[in-house]
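Overview (structure and organization)
Here is what each chain is made of, one letter per residue.
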Number of protein chains: 2
Amino acid sequence: MAATPVWSVDPRTGKQLEQVAAEATSQEVDGAVRAAHASRAALADRPTRIAFLRAAADLLDASAAAIVAAADAETALGPVRLTGELARTTYQLRAFADSVEEGSYLDVRIDRADPGLAPPRPELRRYKIPLGVVAVYAASNFPLAFSVPGGDTASALAAGCPVVVKAHPDHPATSALCASLLRRAARESGLPEDVVAVVHGFEAGVELVRHPLVAAAGFTGSIRGGRALFDAAAARPVPIPFHGELGSLNPVVVTPAAAAERAEEIGEGLAGAMTLGQGQFCVKPGLVLVPEGPDGDRLADALTTAVAKTAPGVLLDHRMRADFIRGTQERGALPGVAAPVAPGAGPGESAAEGHTVTAGYLTVPARLPAGDEAYGLLLEECFGPVTVLARYAGPDEAGAVLRRLPGNLSATLQLSAAEAAGREGSAAALVAEVTALAGRVLVNGWPTGVAVAPAQHHGGPYPAATSHSTSVGGTAIERWLRPVAYQSVPDALLPPELQEANPLGLPRRLDGGPVSQ
Amino acid sequence: MAATPVWSVDPRTGKQLEQVAAEATSQEVDGAVRAAHASRAALADRPTRIAFLRAAADLLDASAAAIVAAADAETALGPVRLTGELARTTYQLRAFADSVEEGSYLDVRIDRADPGLAPPRPELRRYKIPLGVVAVYAASNFPLAFSVPGGDTASALAAGCPVVVKAHPDHPATSALCASLLRRAARESGLPEDVVAVVHGFEAGVELVRHPLVAAAGFTGSIRGGRALFDAAAARPVPIPFHGELGSLNPVVVTPAAAAERAEEIGEGLAGAMTLGQGQFCVKPGLVLVPEGPDGDRLADALTTAVAKTAPGVLLDHRMRADFIRGTQERGALPGVAAPVAPGAGPGESAAEGHTVTAGYLTVPARLPAGDEAYGLLLEECFGPVTVLARYAGPDEAGAVLRRLPGNLSATLQLSAAEAAGREGSAAALVAEVTALAGRVLVNGWPTGVAVAPAQHHGGPYPAATSHSTSVGGTAIERWLRPVAYQSVPDALLPPELQEANPLGLPRRLDGGPVSQ
């Protein structure tokens, strides 16, 4: 049987650019996993691993022009955005190298023997070890930062786990190029290049999550695809952790005082956040609670003006475009829903030929007709440049909508200056209320930037994430490790991380006391 | 329909002692979960929660005589063991109260805004919040330390999560008594008593893991029961974490040098470890790799002498006894298996009437006949006072057995003095080899004590555990929390844990730097 070719496609035209690879056969998936598994011992060497992560960042930076060109050709995300995304990606690789060097992610805890306790306590020394081969499922919308060289790969490699990436079909050429650079960095750092591999094809992705030597998975994508892989991971004879980021509405609550104070600013800010990257961000604000009345109307007017000015854009692929057009039509046709700026197919082209979409937004009363299940659709993410304004008459109506929401990556409050200062209203209670809904809570900002930082949390209640971990930030490395405790193991037999003399200078906690070096 | 009664049964006689409760109806399960859910806000108060955990420990200690009598009557574990188990249980409650007071489990991380970075970094403040109602599935073999007032309950309450315990049918009276004391402690600490509830019945347990307001589960028990609940947790519309401890062989490797040096000591130690608590410990050594030849023979002889002297004992219930008798018979009948001391039904009684079992052990050559799948049974846990000695001719044979093992809670090495000191042999390599198999690694000890300590890890690769967390020790609290990050949230609106002035004096990490107070 001939291998199924994998093509790079220009979403601006729908034209095939080049055949990049073939879909991986079962044998090829198995081979990639086995080769990755065999590289674990080499990757366990800490200085080599640190050098490798830094070399990978350097090589990617040195190849920026080629990477950005490849990614732009098959994603239409544009060189400015892609240049920024590459910088974020290489910063991330270096940040994880620094984490490995610093070592607190190993969470070293040492309890000295205490014969005086009843029962006597033996000596215990605990740290964390890598899980093994990690399967990474790349995202459509971040061909770099959440794909082959992205956060899942960087954090897994930093943890000491080899990675097999299932490339996203929207950017196979970029994936192949980045994989070749990562593998070259491995080779040049003295590691087997098989510490990172890429496979293409839907079936390859399914086989990957079922492979007995795959120990964990990271995923960024849709609820449907992510849930299917989550289910497969849980149904294995030996279940594995599946850290998936699946979908999020990212609600925004605008208080009446905020609308009174900053209606135009909020409307314009919202327009920018919902159209950024053609609305193809997992943290795009998809539902905005706006007060009824003239202040809310001013906000909507500002949004109308700004969104209407937005130029038509190209989505990542043609299926996504079709889904956007159908999804916005279905939502717009619901009773009570209006479309002050109608989202949909781009102008001047027939639906069959067209390649662009136009941004728009919908409005709906927050007081939803009882029992109307169709409104559930408005509480589902619609990928692309559209958002929904739910107009509410008071805190009870806003609260009723919030209580219907599934889990989210982010929740944002737009507050007045007095509310933000805690001098007026019940903003602290509102912060607590939306904390229950999301993994990140913002005040007077927009959620579309996700900083790579030690304290970041990019996750949230299901379906925002399938686990309670983060896929961005310092603690993302924790996903790929498991603790092990050594009881009464002589110093000479301990790994260096746990030896009494602390040869690696790791932060550690003695007898449950504070962390010290 | 009449409620199904729940009886306390004396395993020494099979006689019903008293009717303790009735199996919970669907309405009762729902009511318990909703009442627990409604108590979250009260439990969120940190000083109250600390006081409650300490009051619970004090009340349990003050009721020691009644608790031990109730538990002994329905488990036959004996007052000495149960008194120790209660002390461990109340120590655990107090240790988690101390953890809440100390606060490092919140893993507070603060990144200050950095406008100089590209892109500029916003202020981020991250800590962990409780998940919500936790379902706890009590263990048969620890009516206190892994049941109603046990580690899952204590760590979940400490995290701020209300608990609904599914009582184990082997000790319903003990469960009811402990629940009443915990609820009294809650009341006396100013909390709703519904922060802890107990339900009885198999169906109640299934309904609990499916309840939309249950946010996580902890389980200690069999692979069959635990896997069914794990599958139900993963199949929910909103999946929840299921931290199950399911089963473990706890392999022991005796090196030739260790056997040469301490054959008798090891044989006697093994006899003690495998018969402790009638072999009903999840960390009972169930497979022991012993060298062929005269030193290994001396070890086996010492084991024979010690095990043969062990008095018959009563298992926790009659189903368990029947399983032990059948399980040891099936294993003993496998080709190549011998039984130097035959385990099975206790003496002087017919199988139908008897209530005791006798301890014993089996031997088998490590070089297993190729393709004989029946030997897989020897690699499955057999609950009760039995272990299997696999006699090996060299490191290759020992390694081949180790590579066939599923995940374990513990792995133990018996080494010579020179090996333990790293002066001879390849003991460090052996430590690394068994680290891949287990959550805890011991040298020259026995795994049957699991100290409650900050650095403890009681878990391991599946089926030892269904997640990478621990059910014993300081980090067990991490299972019931999820991180949340606040971005650019004004100080006045932040929870006290994250406010700039650090009013609670929590340890925290600034800009990814070292932890400080």
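First, a word on scope: everything that follows refers to the structure included in this document. Fair warning: this is a prediction, and the values are worked out from it, not measured in the lab. (Residues numbered from 1 in each chain as written. Chains lettered and ligands numbered in written order. Predicted model: local features only at pLDDT ≥ 70, side-chain atom pairs only at ≥ 80, totals over all residues. Heavy atoms only, no water.)

**A word on the overall build of chain A**
Operational definition: Each helix corresponds to a stretch of at least 4 residues labelled H or I by DSSP, and each strand to a stretch of at least 2 residues labelled E; elements are numbered beginning at the N terminus. The reference for a compact globule is 2.2 Å times residues^0.38; the radius of gyration itself is calculated from the C-alpha atoms. We call two residues contacting when some pair of their heavy atoms lies within 4.5 Å.
A count of helical and extended segments in chain A gives 15 helices and 22 strands. Relative to the globule expectation of 24 Å for 517 residues, the C-alpha radius of gyration of chain A, 25 Å, shows essentially globular dimensions. Seen through its principal axes, chain A has C-alpha atoms that stretch 75 × 65 × 40 Å. Of the contacts made within chain A by residues no fewer than 6 positions apart, 76% connect residues no fewer than 24 positions apart.

**What about the sheet that holds strand E7 (residues 196-199) of chain B?**
All names here are of chain B. For clarity, the threshold we go by: By the convention used here, strands pair only if DSSP detects at least 2 bridges between them. Angles run from 0 to 180 degrees between N-to-C directions of axes, and those axes are lines fitted to C-alpha atoms, restricted for helices to the stretch in contact.
Reading across the sheet, the five strands line up as E7-E6-E5-E8-E9 and stay open at both edges, with parallel pairing between neighbours. Both outer strands of the open sheet, E7 and strand E9 (242-245), are each paired with one neighbouring strand and no more. Direction aside, neighbouring strands of the sheet carry axes that sit 15° apart on average. Contacting strand E5 (133-137), strand E8 (214-220) and E9, helix H9 (residues 223-235) crosses the sheet at an angle of about 170° to E9.

**Considerations on the relation of the copies chain A and chain B**
Heads up, the condition is: Superposing copies: least-squares fit, C-alpha atoms only, residues required to have pLDDT of at least 70 in both.
Placing chain A over chain B gives an RMSD of 0.0 Å and needs a rotation angle of 180°, together with 0.0 Å of translation along the axis. Taken together, the rotation and translation describe the operation of a two-fold axis.

**Looking at unusual backbone geometry**
Residue and element names in this part refer to chain A. Following Tyr462, the chain continues to Pro463 via a peptide bond in cis, the omega torsion being 10°. Along the chain, the position of Pro463 falls in the loop between strand E19 (438-443) and strand E20 (481-487). You will see that Asp107, though not glycine, has its phi angle at about 45°, which is positive. Note that Asp107 resides in the loop between helix H5 (79-102) and strand E3 (108-111).

**Observations regarding the pairing of strand E5 (residues 133-137) of chain A**
All names here are of chain A. Note the threshold: Only protein chains enter the area calculation, which uses a 1.4 Å probe; residues under 20% of their type maximum are buried, those over 50% are exposed, and those in between are partly exposed. Crossovers are marked right-handed if the path from the first strand over the helix to the second runs clockwise, as seen with the strands pointing away from the viewer.
Here E5 lies mainly inside the structure; five of its five residues are buried. Here E5 shows a buried face lined by Val133, Ala135 and Tyr137 and a second buried face lined by Val134 and Val136. With five bridges connecting them, E5 and strand E8 (residues 214-220) associate as parallel partners. Following the sheet pairing, Val134 is matched in E8 by Ala216. Between E5 and its parallel partner strand E6 (residues 163-166), the chain crosses via helix H6 (residues 151-159), and the hand of that crossover is right-handed.

**A word on the layout of surface pockets**
Residues and elements named next belong to chain A. Here is the rule we go by: Only protein atoms enter the 1 Å grid used here, on which a cavity is any set of points holding a 1.4 Å probe that cannot leave and a pocket is any open set flanked by protein within 12 Å on both sides along at least five of seven lines; residues with an atom within 4 Å of a point are listed as lining. Grid points are joined across faces, edges and corners, and a volume is the space filled by probe spheres set on the points.
Looking at the second largest pocket, its volume works out to about 1500 Å³. In terms of lining residues, the second largest pocket is bounded by 48 residues, among which Gly221, Ser222, Ile223, Arg224 and Arg319 are the most central. Of all the secondary structure elements, the ones that give two or more residues to the lining of the second largest pocket are helix H8 (202-210), E8, helix H9 (223-235) and helix H12 (318-332). At eight residues, H12 tops the list of elements feeding residues into the lining of the second largest pocket.

**Details of the environment of Cys382(B)**
Residues and elements named next belong to chain B. Inspection of the secondary structure puts Cys382 in the loop between strand E16 (360-365) and strand E17 (386-392). For the pair Cys382 and Arg112, spaced 270 residues apart in sequence, the C-alpha to C-alpha distance is 55 Å. Filtering out sequence-adjacent residues up to four positions away, Cys382 remains in contact with Lys284, Phe324, Gly327, Thr328 and Arg331.

**Observations regarding the sheet that holds strand E15 (residues 356-358) of chain A**
Spatially, the three strands line up as an open sheet ordered E12-E15-E14 (chain A), and their pairing is antiparallel. Each edge of the sheet is formed by a strand with only one pairing partner; in this case those strands are strand E12 (313-314) and strand E14 (344-345) of chain A.

**Here's the deal with the packing of aromatic side chains**
Within a pair of aromatic rings, the relevant descriptors are the distance that separates the centres and the angle that separates the planes. Note the threshold: Side-chain rings of Phe, Tyr and Trp, where Trp is taken by its six-membered ring, are said to pair if the distance between their centres is within 6.5 Å; with planes under 30 degrees apart they count as stacked, over 60 as edge-to-face, and otherwise as tilted. A ring is scored as having a charge over it whenever the NZ atom of a lysine or the CZ atom of an arginine sits within 6 Å of its centre and within 35 degrees of its normal.
What the rule picks out here adds up to 14 aromatic pairs over all chains. With a centroid separation of 6.4 Å and an interplanar angle of 45°, the aromatic rings of Tyr127(B) and Tyr486(B) are classed as tilted. Placement of the pair is Tyr127(B) in strand E4 (residues 124-130) and Tyr486(B) in strand E20 (residues 481-487), with a sequence separation of 359 residues. No difference in accessibility class separates Tyr127(B) from Tyr486(B), as the two residues are buried. Plain terms: the ring middles of Phe142(B) and Phe281(B) are 5.4 Å apart, the flat faces sit at 65° to each other, and that makes the pair edge-to-face. Taken together, the residues span a long stretch of sequence, with Phe142(B) in the loop between E5 and helix H6 (151-159) and Phe281(B) in the loop between helix H10 (256-275) and strand E11 (287-291) at a distance of 139 residues. By the burial criterion, Phe142(B) is buried, and Phe281(B) matches it. Through pairs of rings, three or more aromatic residues link up here, namely Tyr137(A), Phe219(A), Phe230(A) and Phe242(A). Across from the ring centre of Phe142(A), 4.5 Å away, lies the NZ or CZ of Arg81(A), which sits over that ring.

**Quick look at the side chain of Ser189(A)**
The topology assignment puts Ser189(A) in the loop between helix H7 (172-188) and strand E7 (196-199). Every residue in contact with Ser189(A), bar those within four places of it in the chain, is listed here: Thr48(A), Ala51(A), Phe52(A) and Ala55(A).

Bear in mind that shape data such as this cannot, by itself, settle questions of function.
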